[in-house]
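Residue-level structure breakdown
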Amino acid sequence: MTHLPKYSGTAHALTSIVRDDGVGALYAGLAPNLLGQTASWGCFFWTHARLKGMVRAAKEEGFAQDSRGLYRAELSFGERLGCSAGAGVVTATATQPVWVVKTRLQLQTTRHAHY
C-alpha cells in the first residue's frame, strides 16, 4: 500500500497538492467521475420513470384525469419512495465499476498518474 500524505485541513491539502504535484493533480480521475455522474443520473431517472409507469399500470384504481385529459394513476408517497429506492439500487449496481475505476485513478501516486 502506498503511503498517503496527511493533511491538517482542506486549505493545507489544496496548497500541498498544487505545490507538490501541480494543478492537474486536483483533477485526477475527473473523466471517470464525469462518466459516472452522467451514467448514474441517466440510469436513475430512466429507471425511476419506468418503475413509476409499471406501478401506475398495475394499479386498478386511483385513475384521475390530468390537465391534458390523460388518465393517470396517482402514486402514493410509499409507491414513489419504493420507485426511488428501486432506481437507486439499479443505478448503484449498474455504475459500480465506474466508481471503482474513478477511486483507483484518484488514489494513484503522482509518478504513476497520467493527467
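It should be noted that the structure appears before, not after, this text.
The structure displayed is predicted, hence computed values, not measured ones.

This part covers the side chain of histidine 48. Checked against the element boundaries, histidine 48 lands in helix α2 (residues 30-58). Of the polar contacts made by the side chain of histidine 48, one reaches the side chain of serine 84; its length is 3.1 Å. Residues in contact with histidine 48, not counting those within four places in the same chain, are Arg80, Cys83, Ser84 and Ala87.

Moving on, we come to helix α3 (residues 77-107). Of all the bends found along α3, the most pronounced is centred on threonine 95 and spans about 50°, while proline 97, a proline, follows it within four residues. What α3 keeps buried is the set Cys83, Ala87, Thr91, Thr95, Val98, Trp99 and Lys102. Those residues of α3 that are buried are in contact with α2.

Turning to α2, a few remarks are in order. Along its 29 residues, α2 runs 42 Å from first to last C-alpha, staying within 8% of the 42 Å computed at 1.5 Å per residue. What α2 keeps buried is the set Pro32, Gly36, Ser40, Cys43, Phe44, Thr47, His48 and Arg56.

Another point: the environment of leucine 14. Within the secondary structure, leucine 14 is located in helix α1 (residues 10-21). For leucine 14, a relative accessible area of 44% translates into the label partly exposed.

So, how was this worked out
Note on numbering: residues in each chain are counted from 1, in written sequence order. Whole-chain, interface and lining totals are the exception, using all residues; otherwise, since this is a predicted model, local features are given only for residues with pLDDT of at least 70 and side-chain atom pairs are given and counted only at 80 or more. With hydrogens and water set aside, each side-chain value is computed from the structure's full complement of heavy atoms. Helix numbers and strand numbers start at the N terminus; a helix is a DSSP run of H or I with at least 4 residues, a strand a run of E with at least 2. Definition of a polar contact: a pair of N or O atoms within 3.5 Å, with one able to donate and the other able to accept a hydrogen when the atoms are protein atoms, and with sequence-neighbouring residues admitted only if both atoms are side-chain atoms. Whether two residues touch is decided by their heavy atoms; if any such pair falls within 4.5 Å, the residues are in contact. For a residue, the bend is simply the angle between two axes, fitted respectively to the seven-residue segment ending there and the seven-residue segment starting there. Throughout, exposure labels follow a simple rule: accessible area from a 1.4 Å probe, protein chains only, divided by the maximum for the residue type, with under 20% read as buried, over 50% as exposed, and the rest as partly exposed. Multiplying one less than the number of residues by 1.5 Å gives the expected span of a helix.

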